[in-house]
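Residues per chain, in single letters:
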Amino acid sequence: MAEEKEKKGFFARLKAGLAKTRDNIVESFTDVFGASHIDDDFYENLEETFIMADMGYETTEKVIEGLKQKVEDSHIKEPAACKELVINIIKNQMSVDDSAYDFENKKSVVLVIGVNGVGKTTTIGKLAAQYRQRGKKVLMAADTFRAAAIDQLKTWADRAQVDIISHNEGADPAAVVYDAVAAAKARDTDILLVDTAGRLHNKKNLMDELAKMRRIITRDYPEANVEALIVLDGTTGQNALEQARQFSNVTELDGIVITKLDGTAKGGIAIAIQAELDVPVKFIGVGEKIGDLQRFDPQEYVNALFADFDEDRSEIDMLIGDDM
Ligand code: GDP
């Protein structure tokens with residue numbers, strides 16, 4: 001019941017958060033699908049709408065090609081009939097396999113990767129609190145050279161009532177992982193969440209560090225499953241896509257977390273990232289509270305982006321103000 005209420009509240013915040021993106025899309029959709037013919041102009045206008053929403057060129061092309069095929073196969077003549085088709089093409093493309101969350105039910109080390117400021121620490125704090133609520137034994141570890149980041153993680157650890165392993169500023173990140181793995185084993189931890197510092201400025205270093213961490217885990221904790229999640233800031237649009245590309249060039253990624261989807265006009269980026277990287281979006285964040293991170297639900301997300309909601313906005317605004 002409480003879970004149901006939380007989910008409803010989350011969806012309302014997601015809808016409210018994506019309002020800027022949606023308002024632009026819905027306005028363009030009215031023009032595009034209100035056209036009298038399916039012709040080159042129709043496809044061009046649709047393409048422009050998607051590009052404006054930060055869906056990216058490649059993804060937009062894929063969706064338009066998919067639509068053209070459907071229009072031809074089903075002999076569709078009316079632009080209005082294409083709206084549902086487009087939305088369904090995008091939903092199908094975004095679907096997340098059930099096995100995406102298997103790591104939560106295994107002994108796992110979750111490596112949380114991404115550049116500074118995208119929301120890694122916050123994401124770890126939220127995940128830790130949620131896993132603990134579900135009865136999991138959770139441990140956090142910080143591979144970071146910023147003292148402030150360690151303090152921030154400690155605040156989250158207190159809030160989530162989860163222990164944290166950290167070293168002093170400037171410690172070797174691999175040494176932190178080494179200690180954290182030893183502690184996780186000794187305490188029979190279910191999920192170890194590792195906050196990795198976002199040093200993308202030196203690819204070679206980053207690659208070496210992440211590889212070293214993985215080696216330690218494989219060697220010292222072979223029974224654990226490694227899940228590498230990259231965190232991206234949803235408000236940065238195409239930059240987020242570029243970061244994801246760069247990280248995927250240096251390390252294997254199992255999933256994507258997109259944060260800050262509360263109040264962005266670039267909500268289409270989630271579609272672009274998943275389509276272009278072929279790595280599933282597993283979680284999305286819509287705020288700074290514990291309940292503001294949830295599993296990614298493509299149906300809900302695409303509805304929040306494209307559906308023309310008629311319900312009273314004040315209800316949504318009320319829910320955003322709710323202290324959940
Ligand atoms: P890190 O440097 O990657 O660890 O990023 P932090 O976790 O420190 O987050 C950077 C800032 O983004 C903080 O002020 C967070 O409160 C904020 N933040 C993180 N996730 C979200 C989100 O989903 N929505 C909003 N509005 N802010 C977020």
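As shown above, the structure is provided for reference.
Engineer: An account of the site of the ligand is requested, with residue identities and associated values reported.
Structural biologist: Taken together, 18 residues surround the ligand, and among them Gly117, Thr121, Thr122, Asp262 and Glu288 come closest. Contacts to the ligand include glutamine 152, whose side-chain N or O atom sits 3.0 Å from an oxygen atom. Burial of the ligand by the surrounding chains reaches 81%, relative to a free accessible area of 580 Å². Spatially, the ligand is embedded in the second largest pocket.

Engineer: Residues and numbers for unusual backbone geometry, please.
Structural biologist: Backbone phi values are negative for most residues with the exception of glycine, while trans is the configuration of most peptide bonds. Located in the positive-phi region is histidine 75, a residue other than glycine, with phi close to 50°. Of note, histidine 75 is situated in the loop between helix H4 (57-73) and helix H5 (82-94). With phi around 60°, aspartate 278 is a residue other than glycine that occupies positive phi space. On the accessibility criterion, aspartate 278 (69% relative accessible area) is exposed.

Engineer: Just give me the short version of the layout of surface pockets, but keep the residues and values in it.
Structural biologist: Computed from the structure, the largest pocket encloses a volume of approximately 440 Å³. As for the largest pocket, its lining consists of 14 residues, and the residues nearest its centre are Glu3, Glu6, Gln130, Arg134 and Gln294. Of all the elements in the fold, those that place two or more residues in the lining of the largest pocket are helix H1 (2-17), helix H6 (120-133) and strand S8 (293-295). For the lining of the largest pocket, the element with the most residues is H1, which contributes 5 residues. For the lining of the largest pocket, a count of residues per class yields 4 nonpolar, 3 polar and 7 charged. Size it by volume and the second largest pocket reaches roughly 310 Å³. Lining the second largest pocket are 18 residues, with Gly117, Val118, Gly119, Thr122 and Lys260 positioned closest to its centre. Of all elements in the fold, only H6 and helix H7 (147-160) reach the threshold of two or more residues within the lining of the second largest pocket.

Conventions and cut-offs
Residues numbered from 1 in each chain as written. Predicted model: local features only at pLDDT ≥ 70, side-chain atom pairs only at ≥ 80, totals over all residues. Heavy atoms only, no water. Near = heavy atom within 4 Å. Polar contact = N/O pair within 3.5 Å; in protein donor to acceptor, adjacent residues only side chain to side chain. Areas by Shrake-Rupley, 256 points an atom, 1.4 Å probe, with all protein chains shown as cover. 1 Å grid on protein atoms, 1.4 Å probe; cavity = no way out; pocket = protein on both sides within 12 Å on 5 of 7 lines; lining within 4 Å. Sits in = over half its atoms within 2 Å of the grid points. Helix = DSSP H or I, 4+ residues; strand = E, 2+ residues; numbered from the N terminus. Buried < 20%, exposed > 50% of the residue type's maximum accessible area, 1.4 Å probe, protein only. Points joined across faces, edges and corners; volume = space filled by probe spheres on them. Nonpolar A, V, L, I, M, F, W, Y, C, P; charged D, E, K, R; others polar.

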